[in-house]
Structure formats: structure tokens, C-alpha cells
Amino acid sequence: MATALTTMSNESRRSTGFTDRTPVAAAREALLAAVTPHERTEQIPLRDADERVVASTVTAERPVPHYRRAAMDGFAVRAEDTFGASRRSPATLRVDEAVTAGTATRVHTGSELPEGADAVVMVEEADRTGDSVAVFDAVAGGENVAPVGEDVAAGQTLYEAGHRLRPSDLGLVKSVGRDAVEVYERPRVSVLPTGEELVQDDPDPGEVVETNGQTVTQYVERWGGEATYRDVVTDDADALRDAIGEDLDHDLVVTTGGSSVGERDLLPEVVEDLGEVLVHGVALKPGHPVALGVVAGTPVLALPGYPVACIVNAVQFLRPALRRAGHLPQTAPPTTDAELTRKIASEPGTRTFARVELDEEDGEPTATPTRTGGAGVLSSVALADGWVVVPESVEGYDAGTTVAVEHWEWSQ
């Protein structure tokens, strides 16, 4: 197996097939090196900013809290008036609306601390009778009081550029006096389904309903991008050149179908003609006939036409490229450890993605393989619970092995 990037001409591939394939990690590295994070930003309301990425430093315009407040229900007092107070020898104070020597004012959690007070006696440590209150616990200055800026100081840096916002973050940003935030625009991705046999509905014999473009479009949006879902482009070199050329203002261009070595697989040649093919043929299964290239500075991903192969490659290459383009963090999918009920076979030197069904109802989770092949059987992945990744250095997993099942359809 080749350890360098594999860029043999399509003409050679048509005669020899994919005899040499680029390792997945090397192919991804080559693609990501060609992706430049965009610098477009926008100001958006906080209610629309969940999971968006901060584009400039966010600072507090005001402190939180912006006033001294009671941290407990009880009585605001001068701490010195409670010195020596105990259950046996309580301090008796007069209840008044203002706090002066020998007085106390009833307060509630979050109430503004009255002028003159510097502490709060908890209600459990006091007993009010008419206009006086017995205090059973001495308090120190500042006790049970939240000072100005205890939570956030005015001018404090909250988030640096690159931080992905969560609902709790947005609550904090609102609390410091902001109603909008500057974020990076979502990366723009053009999705071009290709193939003269594709139709959008009601196929005749020999025709196929277009699903890859729709699936990829929805993944782009789930992964934090903004997709442009184009009409089907037929298997014609000039039509493919024009379609790719028209969308080079996007951050990424993704095609589906036409990436292998057949007579109608024209995309690698078209990309090479317009720019550069970085990789053609990757050591993964299903989906090795993927091509990764660059045209006029825009990365172009030619995904295979078989639906499962298309999805596998979208997860392995499109997702990380999109995340890099949009300043989004590269996050790993959640996994579930499960015991295999059947063996998974794999080809040495090839990274295999075996679809499995999970059973978590009876004790320890178990994983039952559905398929490792069958790149065109969309139901095998749509009805699976995840997949098991068999690395290149391993020749399958035996039944009874504990494996990590990747839940690859997670959103972020």
C-alpha cells in the first residue's frame, strides 16, 4: 500500500484500478492543508447565536451583580451589632427600613443591600417579634452578601475568538449588558449531485432517485454550514466544469457520483483540468473511490455515488474540512462500548467502517454487525445505530470482542 499521497492519472486508473490507495489520515491531512478558514463575520442577536463561533473578544459591559445584594433570606445588619450573639445570648436589634446602629432590615435573596448594612443574618438564625429581632449568630462583614462584580467584573474578558457558544454562555453574555455578538458566518458549501441517471422523483427503469445530494446538504447544515443544493449535473465534462466553476465563491464544493474509474467517472479529470487533484483513491471501505482536490483556491471533494460510500467519506473528509473552514472545533463522535455478537472481517491496510445495530436493553450493550460491504445499500446505514471502525493495522474483530461503536450521526 502506498504511504504517499496517490494521484495517479484517471487514464491509468481505468486500466489498473485503485491498486494504490492513500491512507485515510494522510488524505485528510492533505485536504485540511488546502482549507483556509474564512474571515467573514456578522453581528447576530443572542437568541440566534447558539453553537455559533465567536469572531472577536467578548467582554463585560457591566459587572454582575451591578449592586450589592443579599445572598440569603434574612436581615441586613451592621456586622459589629451582632458581635458575641449566640443562642444563649442573642443580640436584639430594632427592625427598621434603614440600617443604622442597632437596627436591622428584612431582606430576601437577591435584594439590594440597604445603605449602612455590611452583612446579612440568615433567617434561620433570627427570631422576629413585633418591631425587634433576636439574632442568634454573629456575622462578619461581607457575610451572606454578594458584592458588586462578584460574578463578573466590568471589562472582564468572557470569551476569546474561536469559542463555540452554548446556551449558558449566551445567558452570561446577556447578563453583562449585550444583546448581540459577533460570530463567524457559517461556511458556505456547494453541493453538486452528478449523474445522467438521477431524477428527483418517480424513476423509470434505469433511473435512480437522487439522495446523495440531499443527504450531504442536510449533513452540511447539521455540521454548522450553509449548503447550496444544486440541480443534478449530467455526466458531461463541459457541464461539470461549468457547475464547479460557478460555485468557486463557496468555501467548499462537494460533488456526489462520478468519482471512480469508469467511462462516465469524469470528475477527477475535470478537477485536474481546472486545478489540482490532491488524492484519488483512499484506503477505506466502503468508499475508496473518493477524489480530493483544489480549484482556484477552493477545495473540491468528489464523493462516491454509492450512498453508504458517500456518507462514510462525507463524515471522514467533508465534516472536518467544513469545520476548519468555519472556525468550528473538531470534535470526536460519542461512542458506546459494546460486545460483538459476530465477527467483523476487514482487509489489512484498509480502514473499515462496519455498520452495527446496538442492543442496550439486557445488561451490557451488544453490537451486531449488519454490513461491512454493500456500499450501495442505503438502508444498511440508515437503519444502523452506528459503526465500528476497524483500523488499517487490524485484520477484523472476533465475536466477543469489546469494540467502540461510533454514533457518527451526532450533530456537533
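Calculation notes
Residues numbered from 1 in each chain as written. Predicted model: local features only at pLDDT ≥ 70, side-chain atom pairs only at ≥ 80, totals over all residues. Heavy atoms only, no water. Helix = DSSP H or I, 4+ residues; strand = E, 2+ residues; numbered from the N terminus. Rg over C-alpha atoms; globule rule 2.2 N^0.38 Å. Buried < 20%, exposed > 50% of the residue type's maximum accessible area, 1.4 Å probe, protein only. Contact = heavy atoms within 4.5 Å. Pairing = 2+ DSSP bridges. Axes fitted to C-alpha atoms, helices over the stretch in contact; angles between N-to-C directions. Patch = residues over 30% accessible without salt bridge, like charges linked within 9 Å, V, L, I, M, F, W, Y side chains within 5 Å. Areas by Shrake-Rupley, 256 points an atom, 1.4 Å probe, with all protein chains shown as cover. Salt bridge = Lys/Arg side-chain N within 4 Å of Asp/Glu carboxyl O. Lys, Arg positive; Asp, Glu negative; His and termini not counted. Charge placed at Lys NZ, Arg CZ, Asp CG, Glu CD. Parallel < 35°, antiparallel > 145°, perpendicular 65-115°, else oblique. Left-handed = near helix turned anticlockwise from the far one by under 90°. Nonpolar A, V, L, I, M, F, W, Y, C, P; charged D, E, K, R; others polar. Core = buried A, V, L, I, M, F, W, Y, C linked by side-chain atoms within 4.5 Å. Phe/Tyr/Trp six-rings, centres within 6.5 Å; stacked < 30°, edge-to-face > 60°. Lys NZ or Arg CZ within 6 Å of the ring centre and 35° of its normal.

Asker: Which parts of the structure should I look at to understand the overall build of the protein?
Answerer: In terms of helices and strands, the protein carries 8 helices and 26 strands. What you see for the protein is a C-alpha radius of gyration of 31 Å, clearly larger than the 22 Å of a compact globule of 412 residues, by over 25%. Its C-alpha atoms give the protein principal-axis dimensions of about 100 × 50 × 45 Å. Within the span of the protein, comprising 412 residues, buried residues form 47% of the whole. In the protein, once contacts between residues fewer than 6 apart in sequence are set aside, the share between residues at least 24 apart is 73%.

Asker: Hey, could you run me through the sheet that holds strand E7 (residues 119-122) in this one?
Answerer: Two pairing modes exist for strands in a sheet, parallel and antiparallel, and in both the strands are linked by backbone hydrogen bonds. Taken in spatial order, the 6 strands make up an open sheet running E7-E4-E6-E5-E9-E8, and their pairing is mixed. Among the strands making up the open sheet, the edge pair consists of E7 and strand E8 (126-129). The sheet shows a mean angle of 40° between the axes of neighbouring strands, direction not considered. Bridge analysis of strand E4 (residues 74-77) against E7 gives 4 bridges, and the strand direction is antiparallel. Paired with Ala76 across the bridge in E7 is Val120.

Asker: What's the story with a negative patch on the surface in this structure? I'm lost.
Answerer: Taken together, the side chains of Glu357, Asp359, Glu360, Glu361, Asp362 and Asp385 make up a negatively charged region of the molecular surface. Relative to the elements of secondary structure, Glu360 occurs in the loop between strand E23 (351-359) and strand E24 (366-371). Owing to a relative accessible area of 48%, Glu360 belongs among the partly exposed residues under this scheme.

Asker: Can you walk me through the environment of Glu112 in this structure?
Answerer: Examined against the element boundaries, Glu112 turns out to sit in the loop between strand E6 (103-107) and E7. Sequence separation of Glu112 and Ala70 is 42 residues, and the distance between their C-alpha atoms is 6.4 Å.

Asker: Looking at this structure, how should I read the sheet that holds strand E18 (residues 276-280)?
Answerer: Read from one edge to the other, the open sheet built from 6 strands follows the order E16-E13-E17-E21-E20-E18, with strand pairing classed as mixed. On the outer flanks of this sheet lie strand E16 (226-229) and E18, each paired with one strand and no other. Taken pair by pair, the neighbouring strands of this sheet meet at an average axis angle of 20°, ignoring direction. For strand E13 (residues 188-193) and strand E17 (residues 252-256), the ladder comprises 5 bridges, and the chain directions are parallel.

Asker: Quick question: what am I supposed to make of the packing of helix H2 (residues 24-33) against helix H7 (residues 307-325) here?
Answerer: Between H2 and H7, the shortest axis-to-axis distance is 10 Å and the interhelical angle comes to 30°. Relative to H7, H2 is oriented roughly parallel. Both H2 and H7 take part in a crossing whose hand is right-handed. Only Gln316, Phe317, Pro320, Ala321 and Arg324 of H7 make contact with H2, whose side of the interface consists of Val24, Ala27, Arg28, Leu31 and Leu32. A per-class count over the contact of H2 with H7 returns 7 nonpolar, 1 polar and 2 charged.

Asker: Please explain the pairing of E18 as it appears in this structure.
Answerer: Regular strands place side chains that alternate from one sheet face to the opposite one. Of all 5 residues making up E18, 4 are buried, and the element is well covered by its neighbours. As defined by bridge partners, E18 adjoins strand E20 (residues 291-295) across 4 bridges and the pair is classed as antiparallel. For Val279, the partnering residue across the bridge sits in E20 and is Leu292.

Asker: Help me understand the pattern of salt bridges, please; the structure alone is not making it clear to me.
Answerer: Pairing between side chains becomes possible if they bear opposite charge and their charged atoms approach one another. Inspection of the entire model under this criterion finds 15 salt bridges. The partner of Asp81 in a salt bridge is Arg78, with the nearest N and O atoms 3.2 Å apart. Across the salt bridge formed by Arg241 and Asp238, the nearest N and O atoms sit 2.8 Å from each other. Of the two residues, Arg241 and Asp238 both sit in helix H5 (residues 237-246), 3 residues apart, roughly one turn of that helix. Given a relative accessible area of 27%, Arg241 falls into the partly exposed group. The network of salt bridges with shared partners includes Arg40, Glu185 and Asp251.

Asker: In this structure, what is going on with the nonpolar core? I would like to understand it.
Answerer: Within soluble globular proteins, side chains that are nonpolar generally end up buried alongside one another. Core analysis: the largest hydrophobic core is formed by 43 residues, its most contacted members being Leu301, Phe317 and Leu318. Broken down by element, the residue count for this core peaks at 11 residues, all from H7. Residues contacting Leu301, with those up to four places away along its chain left out, are Leu31, Leu252, Val253, Val254, Thr255, Ala291, Leu292, Phe317 and Leu318. Judged by nonpolar contacts, the second largest core, of 16 residues, contains Val54, Val64, Val173 and Val181.

Asker: Can you help me understand unusual backbone geometry in this one?
Answerer: Excluding glycine, residues mostly have negative phi values, and the peptide bonds linking residues are mostly trans. Val64 connects to Pro65 through a cis peptide bond whose omega is -10°. In this structure, Pro65 sits in the loop between strand E2 (58-59) and strand E3 (69-70). In this chain, Lys285 is followed by Pro286 through a cis amide linkage whose omega measures 0°. If you trace the backbone, Pro286 turns up in the loop between strand E19 (284-285) and E20. Positive phi outside glycine occurs at Ala296, with the angle close to 50°. Residue position: Ala296 is located in the loop between E20 and strand E21 (298-303).

Asker: Even after reading the chapter, I still don't get the packing of aromatic side chains, so can you show me in this structure?
Answerer: For any pair of aromatic rings, geometry is given as the distance between the ring centres together with the angle between the planes. Using the criterion set out here, one finds 4 aromatic pairs in the structure. For the ring pair Trp387 and Trp408, a centre distance of 4.7 Å and an interplane angle of 10° mean the geometry is stacked. In this pair, Trp387 is assigned in strand E25 (residues 386-390) and Trp408 in the segment after strand E26 (402-406), connecting sequence segments 21 residues apart. Side by side, Trp387 and Trp408 carry an identical accessibility label, which is buried. Among the aromatic residues, ring-to-ring pairing joins Tyr219, Trp223, Phe353, Trp387 and Trp408 into one connected group. Taking NZ or CZ as reference, Arg106 lies 5.5 Å from the ring centre of Phe75, over its face.

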